[in-house]
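One-letter residues, chain by chain:
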Amino acid sequence: MAFTATISSLIVHSSAAFAHQSKLKNKKISLPSSQCRSFSRLPSISSISFISRPVKRKSSNLLISASVTGISAEKSTEEAHLPKGGMWSVHKFGGTCVGSSQRIKNVAEIIVNDVSEKKLVVVSAMSKVTDMMYDLIVKAQSRDDSYLSALDAVFEKHQSTAHDLLHGDDLVGFLSLLHHDINNLRAMLHAIYIAGHATESFSDFVVGHGELWSAQMLAAVVRKSGVDCSWMDTRDVLIVNPTSSNQVDPDFLESERRLEKWFSQSPAKTIIATGFIASTPDNIPTTLKRDGSDFSAAIMGALLRARQVTIWTDVDGVYSADPRKVSEAVILKTLSYQEAWEMSYFGANVLHPRTIIPVMRYDIPIVIRNIFNLSAPGTMICRPPVAESEDEERVDYPVKGFATIDNLALVNVEGTGMAGVPGTANAIFGAVKDVGANVIMISQASSEHSVCFAVPEKEVKAVAEALQSRFREALNAGRLSQVAIIPNCSILAAVGQKMASTPGVSATLFNALAKANINVRAIAQGCSEYNITVVVKREDCIRALRAVHSRFYLSRTTIAMGIIGPGLIGSTLLDQLKDQAAVLKEDFNIDLRVMGITGSSTMLLSDMGIDLLKWKELLKEKGEVADLEKFTQHVHGNHFFPNTVLVDCTADSSVASCYHDWLRKGIHVITPNKKANSGPLDQYLKLRALQRKSYTHYFYEATVGAGLPIISTLRGLLETGDKILRIEGIFSGTLSYLFNNYIGSRTFSEVVAEAKAAGFTEPDPRDDLSGTDVARKVIILARESGLKLELSDLPVGSLVPEPLKACASAEEFMQRLPQFDQELAKQKQEAEDAGQVLRYVGVVDAINQKGVVQLRRYSKDHPFAQLSGSDNIIAFTTTRYKEQPLIVRGPGAGAQVTAGGIFSDILRLASYLGAPS
């Protein structure tokens, strides 16, 4: 009895509302009959069917749009013919665009300023209102009494907005209508509260009120500007056939017939139409589901054969990638229908694919524009124009943009029994269909040994159980080997219509992923070649997106850097990076971000890049206890940067021991540290083997010649087929300075003291005089030449007198060094008597597979005798350069040139990773 009483009350309320609205017709507001009929649309008692499934809450991602026009106070009594064609422009304004009274005024101004002959504007409910309406139903179904206060909040929102926008009879009429709407909704929600359930159509009727209210308010504002304006309840015009709970198909013939009838009764130059809502062929209220207002605008554009459909939103257009994931994403000026279709399917915030279908039929362009930035031209989605010349055609990128879908799982069905067996794929996807899962992507090898497909992660459990059940017999018999689930996956799609006619796009894409150390789990590409789809680990998705976006020159080549050892060389490198950062960004499209700096005791970390103008101050103020493992994880773990490099500016063997692990993880390594390449031979060979078989780079030019191109020259000779016979050189800038200045009557100890005072030596000069540093450089060059030598295999002639090796300090060593000047003075005199000079050299004898470091005599016309200052010189004797060796000469020591050598390796890495050369 209570149920019957409630429904009767609901119908009485509806009848009263209808009668009241009929009386309003005699007032100045002159509401159209479509709204007067809105409350006679209540679903019949038989259609209420309270035993139906509970209504699902609308997704928070639902995009609702709206547009605005006014209501004409006078209606023509003569039937008017509906003109179609280019005189019509269609606008759609979403909930954000009409989210407040001020925004509604802004929308009205845009509509009034549109000079089109005729305008139809599709408008959504005010921001958040659709979610609020769905929340009412959810609460009522759950018998939660708070639905009453939630309904009051809906009323207050629209009442306060109306007070801001409307005046006089317009305000009185709208508020009267709003009161009656709310009273009827309260009765309907009470019925749902008692029954505990509601049909989808009943819910659609409740939810659609948001569009009715916003359209009427906006129309009244436009009308105040003197514009000939009517408003349309699109449930009178748009007829759709529901195909599933998430999709409807428009009935274009019936909708066109009804539109012509509607226009004949309510002709106007400007029409404001409700978005999102429509009717079934049985005149039952329904909605257009996800992105419904966009769909409404597209359908209306097609019905009117409009010149253009403009979708107003809160972004400047369609981006080449999600700007939240790729900060350098750019606005695309144009997209083809197919490109927009592909990008929207794969998650890009463009349009729902079905929105494009109606306008595509009549070649009506869609323009995406920002209501908050009217100066931005936006993105036009249209049929691509035919290029006038080949040169013009090549200007555009073959890949227009990239999109991703997260939270997926791969399902792999494999077994030898699948090959050549008709119906296997049908059985697999039939089982998937039976559980209602959505297949995002399919990949199958031509061998038919396996079928791999991606589904949403939340559906994969049901899919796996269905497949296990369907193929239990085949699995038990061994015809199928497994149904494997690979969780935590994401899809990355590259989209572009010109990919079909551009060779090498796939190669470039996969090369970029490989260089970013991204492993691809599955691949799919249609024969149209409009998109290439890959499946990667979810944790790699953002890094993969940034890597491919950067590679196709849609953004800068960005490298996340970690600097280890901010001593003399490290700090000099940071200064050079600071000075060149702007030039590299603007002129070379390279963005170097220092994400961390660590010394032996303190480290500084940053999420987006350290300000190199004040890194020393930041290290003191915000530094934390150094932890190399945490430092590495921070620099490499930032998914916003696809490429990571660690720059080791130390001479620490413990840091060098980490190189192999870093390279294995996909971290590039650049260093002047000689310890790794001159350490144990097996470790060196292991390191180089890993480097050769991966896309991870290990650069160490500065280990031998600081800023001189020694390693690269040697590699160039070997790679072009030359054979190394001998490498001989002065590899130490310190020892070069000492012997270049050890002339005349000066003693060796005087020259050493002078060099130490000038900063040309290590704090303890024995580190230079021992020859160990030269020996490490010789070993590195020997190994690069193919010799398998250990450091212990190399005879080293030390310049440190044997008694002074045990000195407790550098000061003691310097005090006692003059006692041993005589021995070296004797060698110098003998050399001078023979017309020669002394030089401390390292030699790689490739023919005899050995090396040596020692003090040697050279004639005064020898290139080694012509040096000055702290210059280095290296002579390569090869089969090509046998009679006259290839000479490399220049400054080989000092913080500036060493840091410059490291910087050069960093830029070489950037070039390998895709920066323009």
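Look up a bit, the structure's there.
Now for a look at the structure at hand. (Residues numbered from 1 in each chain as written. Predicted model: local features only at pLDDT ≥ 70, side-chain atom pairs only at ≥ 80, totals over all residues. Heavy atoms only, no water.)

1. What to know about the packing of aromatic side chains
Using the following cut-off: Stacked, tilted and edge-to-face are the three classes assigned to paired rings of Phe, Tyr and Trp, where Trp is represented by its six-membered ring and a pair needs centres within 6.5 Å; plane angles under 30 degrees give stacked, over 60 edge-to-face, the rest tilted. In this text, helices come from DSSP runs of H or I with a minimum length of four residues, and strands from runs of E with a minimum of two, each type numbered from the N-terminal end. Relative accessible area decides the class of each residue, using a 1.4 Å probe on protein chains only: under 20% of the type maximum gives buried, over 50% gives exposed, and in between gives partly exposed. The criterion is that NZ of a Lys, or CZ of an Arg, lies within 6 Å of the ring centre and within 35 degrees of the ring normal, and then a charge sits over that ring.
Counted under the stated rule, the structure contains 14 aromatic pairs. On the numbers, 5.6 Å between centres and 40° between planes, the contact of Y147 with Y193 is tilted. Remark: Y193 occurs in helix α7 (residues 168–195) and Y147 occurs in helix α6 (residues 147–165); sequence separation between them is 46 residues. The class for Y147 is buried, based on a relative accessible area of 3%. Where Y737 meets F760, the ring centres are 4.6 Å apart and the plane angle is 55°; that geometry is what we call tilted. With Y737 in helix α29 (residues 733–741) and F760 in the loop between α30 (748–757) and α31 (766–769), the pair connects residues that are 23 residues apart, well separated along the chain. Among the residues examined, Y737 registers a relative accessible area of 12% and is labelled buried. Three or more aromatic residues joined by ring pairs make a cluster, and in this case those are Y659, W662, Y698 and Y700. The aromatic ring of F252 is capped on one face by R361, whose charged end is 4.6 Å from the ring centroid. Seen from the ring of Y742, K828 lies directly overhead, with NZ or CZ sitting 4.5 Å from the centre.

2. Quick notes on the pattern of salt bridges
Where charged atoms from two side chains of opposite charge come close, those side chains can pair. Worth spelling out the cut-off: Here a salt bridge means any side-chain nitrogen of Lys or Arg lying within 4 Å of a carboxyl oxygen belonging to Asp or Glu.
Counted according to the given criterion, the structure contains 37 salt bridges. A salt bridge links E260 to K84, with the shortest nitrogen-to-oxygen separation between them at 3.3 Å. One end of the pair, E260, is in helix α10 (residues 252–265); the other, K84, is in the loop between α3 (45–48) and β1 (88–93), and 176 residues separate them in sequence. Its relative accessible area of 34% is what places E260 among the partly exposed residues. K84 gets classed as partly exposed once you look at its relative accessible area, which sits at 28%. Among the salt bridges present, the one from E790 reaches R783, with a minimum N-O distance of 3.4 Å.

3. Brief notes about the side chain of T287
As a reminder of what qualifies: The contact criterion used throughout is that any non-hydrogen atoms of two residues lie within 4.5 Å.
When you line up the elements, T287 lands in strand β8 (residues 285–287). Each residue touching T287, except ones within four places of it in the same chain, is listed here: D204, V248, F276 and I277.

4. Focus on the packing of helix α12 (residues 337–345) against helix α13 (residues 353–361)
Helix packing for two helices is described by the angle between their axes and how far apart those axes are. How we decide: Here an axis means a line fitted to C-alpha atoms, over the contact stretch when the element is a helix, while the angle between two N-to-C directions is reported on a 0 to 180 degree scale. In this scheme, roughly parallel covers angles under 35 degrees and roughly antiparallel covers those over 145, while 65 to 115 is roughly perpendicular and the rest are oblique. Two helices that cross are described as forming a left-handed crossing if the nearer one is turned anticlockwise from the farther one by less than a right angle, and a right-handed crossing if clockwise. Classification used: nonpolar for Ala, Val, Leu, Ile, Met, Phe, Trp, Tyr, Cys and Pro, charged for Asp, Glu, Lys and Arg, polar for all others including Gly.
Between α12 and α13, the shortest axis-to-axis distance is 9 Å and the interhelical angle comes to 165°. When the interaxial angle is binned, α12 and α13 end up roughly antiparallel. Considering only the axes of α12 and α13, their crossing is left-handed. Listed contacts from α13 to Y337, Q338, A340, W341, S344 and Y345 of α12 are P353, I356, I357, V359 and M360. The residue inventory of the contact of α12 with α13, partitioned by class, reads nine nonpolar, two polar and no charged.

5. What to know about the sheet that holds strand β27 (residues 836–845)
The condition is simple: One bridge is not enough; two strands pair if DSSP finds at least two bridges between them.
Strands sit in the order β28-β27-β26-β29-β30 across an open sheet of five strands; the sheet is antiparallel. Since the sheet does not close on itself, it has two edges, and those belong to β28 (850–859) and β30 (886–891), each with one partner. For this sheet the average axis-to-axis angle between neighbouring strands, irrespective of direction, equals 20°. Looking at chain direction, β27 and β28 are connected through ten bridges and run antiparallel. Within β28, the residue paired with V837 across the bridge is Y858. Strand contacts of helix α28 (residues 710–719): β26 (724–730), β29 (871–878) and β30, with the helix running at about 10° to β29, the strand carrying the most contacts. Its contacts with the sheet place helix α34 (residues 821–833) against β27 and β28, and it is angled at close to 95° to β27.

6. A few points about the nonpolar core
Condition: In these notes, a set of buried Ala, Val, Leu, Ile, Met, Phe, Trp, Tyr and Cys residues joined through side-chain atoms within 4.5 Å is what counts as a nonpolar core.
Among the nonpolar cores identified, the biggest contains 66 residues, and Y659, I727, L738 and L781 are the most heavily contacted of them. Of all hydrophobic cores here, the second largest spans 58 residues; its members include M126, V154, L218 and I272.

7. A short note on the sheet that holds strand β16 (residues 482–495)
Overall, antiparallel pairing links the six strands, which are arranged β14-β15-β13-β16-β18-β17 in an open sheet. Here the strands that pair on one side only, and so sit at the sheet edges, are β14 (441–444) and β17 (522–525). On average, each strand axis in the sheet is inclined to that of its neighbour by 30°, with strand direction left out of account. Helix α15 (residues 424–434) rests against β13 (401–414), β14 and β15 (450–456) of the sheet, and its axis sits at about 15° to β15. Strands β13, β16, β17 and β18 (531–537) of the sheet are contacted by helix α18 (residues 505–515), whose axis makes an angle of about 15° with β18.

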